[in-house]
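Inside the fold
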Amino acid sequence: MIHKFECEVIQTSVVQVEIDDESMDEKFMAEFRASFYPFTTLKEHAEHIAQMAARDLFGWDGFAEGYGHINGSKVEPFININARVTSEDVEVETLTTAS
């Protein structure tokens, strides 16, 4: 028998993001906007990188889509960005159960 559960997961994470503004020059920003999101500020990039870090979306090798390898990686392509989850709290609640 298959049991179905609908659960609500609430996650709160604090992420420290460091961005080298020399790595994210206007050329990088224009190329990023052309392929991904219309970000124009480092703050927008920091928020995007933070949510990616909180959801553990970096590859095993530190690859972040749109940015290349981050967190000290020297694998090409790389950009000088560091993102680290400094605290995390997760709550899970079962909303419905159906058998």
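Before reading on, note that the structure itself is shown above.
All values derive from a computational prediction rather than experimental measurement.

Cut-offs applied
Residues numbered from 1 in each chain as written. Predicted model: local features only at pLDDT ≥ 70, side-chain atom pairs only at ≥ 80, totals over all residues. Heavy atoms only, no water. Helix = DSSP H or I, 4+ residues; strand = E, 2+ residues; numbered from the N terminus. Rg over C-alpha atoms; globule rule 2.2 N^0.38 Å. Buried < 20%, exposed > 50% of the residue type's maximum accessible area, 1.4 Å probe, protein only. Contact = heavy atoms within 4.5 Å. Areas by Shrake-Rupley, 256 points an atom, 1.4 Å probe, with all protein chains shown as cover. Lys, Arg positive; Asp, Glu negative; His and termini not counted. Charge placed at Lys NZ, Arg CZ, Asp CG, Glu CD. Expected span 1.5 Å × (residues − 1). Arc of directions from axis to C-beta. Polar contact = N/O pair within 3.5 Å; in protein donor to acceptor, adjacent residues only side chain to side chain. Core = buried A, V, L, I, M, F, W, Y, C linked by side-chain atoms within 4.5 Å. Phe/Tyr/Trp six-rings, centres within 6.5 Å; stacked < 30°, edge-to-face > 60°.

Brief notes about the overall build of the protein
Looking only at helices and strands, the protein features 2 helices and 4 strands. Listed N to C, the secondary structure of the protein is β-α-α-β-β-β in terms of helices and strands. In terms of overall dimensions, the protein is more spread out than a globule: its C-alpha atoms have a radius of gyration of 17 Å, far above the 13 Å expected for 99 residues. By principal-axis analysis of the C-alpha atoms, the protein measures approximately 55 × 30 × 25 Å. Here the protein, with 99 residues, has 24% of them falling under the buried criterion. Pairs at least 24 apart in sequence give 62% of the contacts found in the protein among residues at least 6 apart. Summed over all atoms, the accessible surface of the protein reaches about 7,000 Å², with 52% contributed by carbon and sulfur. In the protein, 7 side chains carry a positive charge and 19 a negative one; their mean positions are 3 Å apart.

Describing helix α2 (residues 42-54)
In this model, α2 (13 residues) spans 18 Å end to end at C-alpha, consistent with the 18 Å of a helix rising 1.5 Å per residue. Here α2 has its buried residues at H45, H48, I49, A50, M52, A53 and A54. The elements touched by buried residues of α2 are β1 (4-19), α1 (26-35), β2 (63-64) and β4 (81-98). Immediately downstream of α2, the backbone of D56 shows phi near 55°, a positive value.

Quick look at α1
Listing the buried residues of α1 in full gives F28, M29 and F32. Take α1 and look down its axis: the buried residues cluster within an arc of 100°, on one side only. In α1, the exposed positions that point more than 90 degrees away from the buried face belong to E26, K27 and A34. Among the structural elements, α2 are those in contact with the buried residues of α1.

Topic: the side chain of H69
With respect to the element layout, H69 can be found in strand β3 (residues 68-69). Overall, the relative accessible area of 6% leaves H69 in the buried class. Of the polar contacts made by the side chain of H69, one reaches the side chain of D61; its length is 3.1 Å.

Topic: the environment of S87
Examined against the element boundaries, S87 turns out to sit in strand β4. Sequence separation between S87 and Q16 is 71 residues, and the spatial gap between their C-alpha atoms is 9.6 Å. Look past the residues within four positions of S87 in its chain and what remains in contact with it is T12, S13 and V14.

Describing the nonpolar core
If you look at the biggest cluster of nonpolar residues, it comprises 14 residues, and the most contacted ones within it are F58, Y67, I70, I79 and I81. Sorting the residues of this core by element identifies α1, α2 and β4 as the ones contributing at least two each. Element by element, the count of residues in this core is highest for α2, at 3 residues.

Here's the deal with the packing of aromatic side chains
Counting across every chain of the model gives 7 aromatic pairs. Ring geometry for F32 and Y67: centres 5.0 Å apart, planes at 35°, overall tilted. A residue pair is termed long-range when its members are at least 10 positions apart, and F32 in helix α1 and Y67 in the loop between β2 and β3 qualify at 35 residues. Each member of the pair F32 and Y67 is classed as buried. A network of ring pairs unites the aromatic residues F28, F32, F36, Y37, F39 and Y67 as a single cluster.

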